[in-house]
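# Fold and contact review
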Amino acid sequence: MGTITSGVGLVTGIDYQAMVEQLIALDARPRDQLLKRVANLGAQQTAFLDISARVTALLNRVDTLGRAATFRTNKTTSSAPALLTAISSATTGPGSYQFIPRALATTHQFVSRGYNSRTAPLPSGTFTIESAQARVNSHTRLDELNGHTGVRRGSFELINGLGAKAQINLSEAVTLGDVLSQISAAGLNVTAEVLDDRLVLTDQSGGSGPLRVVELAGGRTAADLGFSPGTNTSSSGRLEGSGVFYLAATSPLSALNDGLGIASGSFGNDFRILSGGQTLNVELSATLSNSTRLGRLNHGQGVRDGTIRITARDGTTAEVNLTGKRTIHEVRTAIQGAFGDERISVTVTGSRLVVTDDSDISNLPAGQVTPLKIEDVTGFAARDLGIAGTATNNRISGSDVLHMTTLGDVLTAINFATGNEDAQGQRIVTAGLRPDGRGLQMVSADNKLSIEVTDGSAAARALRDLGFESGDHDGTVTGKRLLGGLNTVLLQTLQGGRGLGTGTMTITANGRTATLDFSGAETLADVVRTLNGATDADGQLLGIEADYSGTGTRLVLRNATNGSPLTVTGAFAEALGLAQSGYQITGDNLQRKYLSENTSLSSLNGGRGVNLSRIKLTGSDGVPATVDLRNGSIRTLGDLIDQIESVHNGLRARINDTGDGLLIESRNGGLLRIEDDDGTAARDLNIRGTSNEGHINGAFEFRFTVGGGDTLESIAARIGTETTLARASVLNDGTGFAPYRMSLTAAVSGLAGSLLIDDPNDVLGVTMLTQAQDARVFFGGNTGTGVLLTSSTNTFNDVVDGLSLTIHSVENTPVTVQIDRDQSGLVKAAQDLVSDYNTLMQRVRDAGKFDEKNQALGILQGNSTLRIIETRLYSAFTSLKFTGASFERLRDLGIEADTGNKLKFNEEKFRSALEQDPDAVERFFTDADKGVSKILNERLKQINDDSGLIGRETGTMKSRTELLNERVTVLNERLERKRTRLLRQFQAMESALSSMQSQQTALANLSQLQFNTMSSQRR
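Presented here is an overview of the structure given in this document.

Below, the discussion takes up the pattern of salt bridges. The tally for this structure, following the rule as stated, stands at 52 salt bridges. Of the charged contacts in the structure, one is a salt bridge between Glu665 and Arg652, with a shortest N-O distance of 3.3 Å. Here the residue Glu665 occupies a position in strand 35 (residues 661-666), and Arg652 occupies one in strand 34 (residues 651-655), the gap between them amounting to 13 residues. A residue is classified by how much of its surface remains accessible, and Arg652, at 33% relative accessible area, is partly exposed. What you see here is one network of salt bridges that share partners, running through Asp196, Asp197, Arg198, Arg238, Glu240, Arg438, Arg481 and Glu522.

Printed below as a string of structure tokens:
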């Protein structure tokens, strides 16, 4: 049961609780004074924090004006936005650019024959859909000619034997096919064809004069097509140009081996060459090491001798002479020893050098700390090493100086390989191009060399892709052909990359027989040319014609003399699928390999790429493993293959046998399941699915077998779900008897999305509605001299630095894109700077002023730190001087002093300065060494940082507050003890009085008892 307590004495009736509180209140006056001081300090801290927040806001304005992008905001306008619109970025310089939109991108589209209903059954058979990359006779792009330097577009004049002339304008030509078509359509009765690596013109006009090609207006178009002086005139009526399809040091590695590129190891040596008693370690990666010779850098241009100067952050300088240095190790050693201590360190990261300055600047005033700077004193060594520049902190992260993107990079990797020099410093093995420009060769000064690799390794693949074989060789080793011919492919890339081998073919036609030897053939064009020139033992032509199928994936033989059948036999015929008899013989799909370990994921699916997500793989053991494409390390199919085998040792991955996809196999057979974990990566790679046979073939040749209940509608649905290359739907053309057709469209626009539909059984009966075409725009005022730009979509990115275009229609007249600096944002930034400064200064003044009207003190009135802040702020914005430019002070730009330590903004003066010299205004604020924004940033941080004025002052206030609170706690404890004591004393008094009162009552009761007794006795 609870007790009832009261602060009022039951005996005395005194409110002793209130009396105690009054006594305690008298004693608490010293504590209350301390609490007032604590509250005042808290208010002062709050005031300083408010000022700090406003300094931070001002710092943001200063930083905005310190960024170059602030001064490079553009206003971009198009003279014809209905034709072309443009977007620019801060990196785009002001100016006027002209563009002529010549063609919109189109998407490859087909339509089937008509059917009487959407659910009409289709004929039985098989058809395939795949990328046009599978073609073996694609037209060579002009930019692939002349060692991949391309053709300078323009016009030339063609004159036939009759003296008739025509101007051939190739300003819009993209492929060699465009060139051949224009020449043949010029109306001169002159045909154009390709012969291996050159163009051949044939005059069929019947004239006796020479066939001539003449440059126009000082152009170089004809010469770039092989018709330069000496090869531009023929009296025989047949004009054969010089070779225009060859390799050069500038040729990209991605172009080798019919676009399959070359493999290279991620780490370590790719292969070794032994010659002259030396071992050459050839590395084909773009990763620097200490042993990397400087001659390999900058695409073989090396590093020019010279002296560099290093300015450390403490202001000291040192000069380093790098003349004669030959390796990265020697360069690192020289730079790291520049100051005679360990403050400068040089590390290698990938293909670049990183220089770090660890100078002790702890005791230096902020204004004396300089950024790390490396510059050339003589020569260009710092620039060539990629380390010239000024750091924003203590580190210069150089630019890439080691590359592995061109054929020249491979040659320098061999020529500057570790160990490739004798005692006299002479090169032992020299790598270069074959004399015919179609491959590589190596020459040993020792007249013999040996190449070593580990079979099956990336090094073995790299060596093979470069056209060489391991083993012992004579002094000169000539590699295999790495480049096909014009409009053709290498035989070695057919049959999924296994090649066709060599052999013979026997053909009987028109009563004659020829046995053809193809052992010397290197390209499919060699095969076609040999077939078309087939003769019997007497030298008589067989009268047959070899060509390509409509899909460009098979060879076709027919009798060009009459309709009698042909008979073809032999091992080579069997390899081509031509070992048949018939009036017309169509060979097998040649299965050109167009995917390899070097293929980038981003190039798949017509350039749409692969969704970067996770793939879950489960083998026969039932244990799932995950491949994560999001980490950025998996860029190629080879990377993906390595990762799959790394995360799941029960799986094997490789390029499939048809060279058009991945093959994933379970080493133990049985169940194999591949799923998308959180995206569409497996679907995009065409490997999503389940197999009970232990393998999933992700071929991008999508095969459809039709029969039974398959209809137009069901097959259209399957195409949409089973392919990544095409979309299909059923349309109604409105005709009376067979209105329903299948519309089949590439999933990607432009040439990249071009499709091949191989329908030998005529299941769909497709015809092409729209040919795939890239969008085309001329950069320049006219099509004759402008630069042709192409894109698979109607958007062209980074045409000029940061400038992107989108074309909406086609026109022959130029559209002007005007880019001007948009000063409104910059003016607002300056206005905001002044506004935020004034707001900050007003807050400082309010915090420290005396309000005479209300006779009230500002919360920080009399605070010396506040006065210092006000003085420094005003000084920083009115006294700073920027030397070396036409504008030295903020007032020169319209940011001027006003009354009450405030600023005012003269917008007219600011805009005038921008008009006068915008670059000087930009430097005034953004210069990395002495720009006003940099200095203001430092001054404001001296006020606002933890170690600055506000930080120190609030820190002191916090310490004082903590001490005062400790004293308050002590006083509170003392007061509480006194309260308890007084209450106890009052309660004891009440208890004593209560006891006395009880005694008094007892005595009274006794007295009454005595009185009653005595009264009784009297009676």
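This is not the end of the story, as more comes after the structure.
For helix 11 (residues 524-532), the full list of buried residues reads Leu524, Ala525, Asp526, Val527, Val528 and Leu531. At its buried positions, helix 11 is contacted by strand 25 (504-509), strand 26 (512-517), strand 27 (544-548), strand 28 (555-559) and helix 12 (571-576).

The next thing to look at is the layout of surface pockets. In this approach the atoms are scanned with a rolling probe the size of a water molecule, which exposes any empty space left behind. Counted as a void, the second largest pocket has a volume near 820 Å³. Elements with a contribution of two residues or more to the lining of the second largest pocket: helix 10 (458-465) and strand 34. For the lining of the second largest pocket, the leading source of residues is helix 10, giving three residues. Residue classes in the lining of the second largest pocket are distributed as nine nonpolar, 15 polar and twelve charged.

Before going further, it helps to spend a moment on the packing of aromatic side chains. Under the definition given, this model contains nine aromatic pairs. Judged by centre distance (5.8 Å) and plane angle (35 degrees), the rings of Phe71 and Phe925 are tilted. Taken as a pair, Phe71 in the loop between helix 2 (29-66) and strand 1 (74-78) and Phe925 in helix 19 (residues 918-926) lie far apart in primary sequence, 854 residues in all. Pairwise contacts between aromatic rings join Phe71, Phe924 and Phe925 into one cluster.

Another point: the sheet that holds strand 1. A sheet is described by the order of its strands in space; here five strands give the open sequence 1-48-3-44-45, paired in antiparallel fashion. Strands at the two margins of the open sheet, each flanked by one partner only, are strand 1 and strand 45 (787-791). Strand-to-strand twist in this sheet, taken as the mean axis angle between neighbours without regard to direction, amounts to 25 degrees. Across five bridges, strand 44 (residues 775-779) lies against strand 45 in antiparallel orientation. Pairing of Phe779 across the sheet is with Val787, part of strand 45.

The grouping of Ile14, Met19, Leu23, Leu26 and Met989 at the surface amounts to a nonpolar patch, some 380 Å² of accessible area in total. The element best represented in the nonpolar patch is helix 1 (residues 16-27), accounting for three residues. With respect to the helices and strands, the residue Met19 is situated in helix 1.

This paragraph deals with the sheet that holds strand 28. One open sheet accounts for three strands, arranged 27-28-31; its pairing is antiparallel. What marks the edges here is a single partner per strand, and that holds for strand 27 and strand 31 (584-586). When strand polarity is set aside, the average angle formed by the axes of neighbouring strands in this sheet is 15 degrees. Sheet topology places strand 27 next to strand 28; five bridges connect them, and they run antiparallel. The residue of strand 28 that forms the bridge with Asp547 is Val556. Strands in contact with helix 11 are strand 27 and strand 28; relative to strand 27, the strand with the most contacts, it is inclined by about 160 degrees.

A word on empty space enclosed by the protein. Enumeration according to the criterion identifies one cavity of 30 Å³ or more in this entry. Quantified by volume, the largest cavity comes out at close to 80 Å³. What lines the largest cavity is Asn281, Val282, Glu283, Ser289, Ser291, Thr292, Arg293, Arg296, Ala413, Phe416, Ala417 and Thr418. For the lining of the largest cavity, the per-class residue count stands at four nonpolar, five polar and three charged.

The interhelical angle for the contact between helix 17 (residues 864-879) and helix 20 (residues 932-944), taken along N-to-C directions, is 175 degrees, at an axis separation of 10 Å. As far as their axial angle goes, helix 20 and helix 17 are roughly antiparallel. Contacts between helix 17 and helix 20 involve Ile869, Arg872, Leu873, Ala876 and Phe877 on the former and, on the latter, Leu936, Arg939, Leu940 and Ile943. Looking at the contact of helix 17 with helix 20 residue by residue, the classes come out as seven nonpolar, no polar and two charged.

Attention now moves to the side chain of Asp465. Tracing the backbone through its elements, the reader meets Asp465 in helix 10. Under the relative-accessibility criterion, Asp465 is labelled buried at 9%. Discounting residues that sit within four places of it in the chain, Asp465 has contacts with Asn257, Gly261, Ile262, Ala263, Leu482 and Asn598.

Quick look at the packing of helix 16 (residues 823-848) against helix 18 (residues 907-916) now. In the contact formed by helix 16 and helix 18, the axes pass within 11 Å of each other and the chain directions differ by 130 degrees. Considering the angle they form, helix 16 stands oblique to helix 18. Viewed along their axes, helix 16 and helix 18 form a crossing whose handedness is right-handed. Counting all contacts with helix 16, which are made through Gln823, Ser824, Leu826, Val827, Ala830 and Gln831, the residues of helix 18 involved are Glu907, Phe910, Arg911, Leu914 and Glu915. Broken down by class, the residue content of the contact of helix 16 with helix 18 amounts to five nonpolar, three polar and three charged.

Scoring rules and cut-offs
Residues numbered from 1 in each chain as written. Predicted model: local features only at pLDDT ≥ 70, side-chain atom pairs only at ≥ 80, totals over all residues. Heavy atoms only, no water. Salt bridge = Lys/Arg side-chain N within 4 Å of Asp/Glu carboxyl O. Helix = DSSP H or I, 4+ residues; strand = E, 2+ residues; numbered from the N terminus. Buried < 20%, exposed > 50% of the residue type's maximum accessible area, 1.4 Å probe, protein only. Contact = heavy atoms within 4.5 Å. 1 Å grid on protein atoms, 1.4 Å probe; cavity = no way out; pocket = protein on both sides within 12 Å on 5 of 7 lines; lining within 4 Å. Points joined across faces, edges and corners; volume = space filled by probe spheres on them. Nonpolar A, V, L, I, M, F, W, Y, C, P; charged D, E, K, R; others polar. Phe/Tyr/Trp six-rings, centres within 6.5 Å; stacked < 30°, edge-to-face > 60°. Pairing = 2+ DSSP bridges. Axes fitted to C-alpha atoms, helices over the stretch in contact; angles between N-to-C directions. Patch = residues over 30% accessible without salt bridge, like charges linked within 9 Å, V, L, I, M, F, W, Y side chains within 5 Å. Areas by Shrake-Rupley, 256 points an atom, 1.4 Å probe, with all protein chains shown as cover. Parallel < 35°, antiparallel > 145°, perpendicular 65-115°, else oblique. Left-handed = near helix turned anticlockwise from the far one by under 90°.

So yeah, pure geometry; function would need other evidence.
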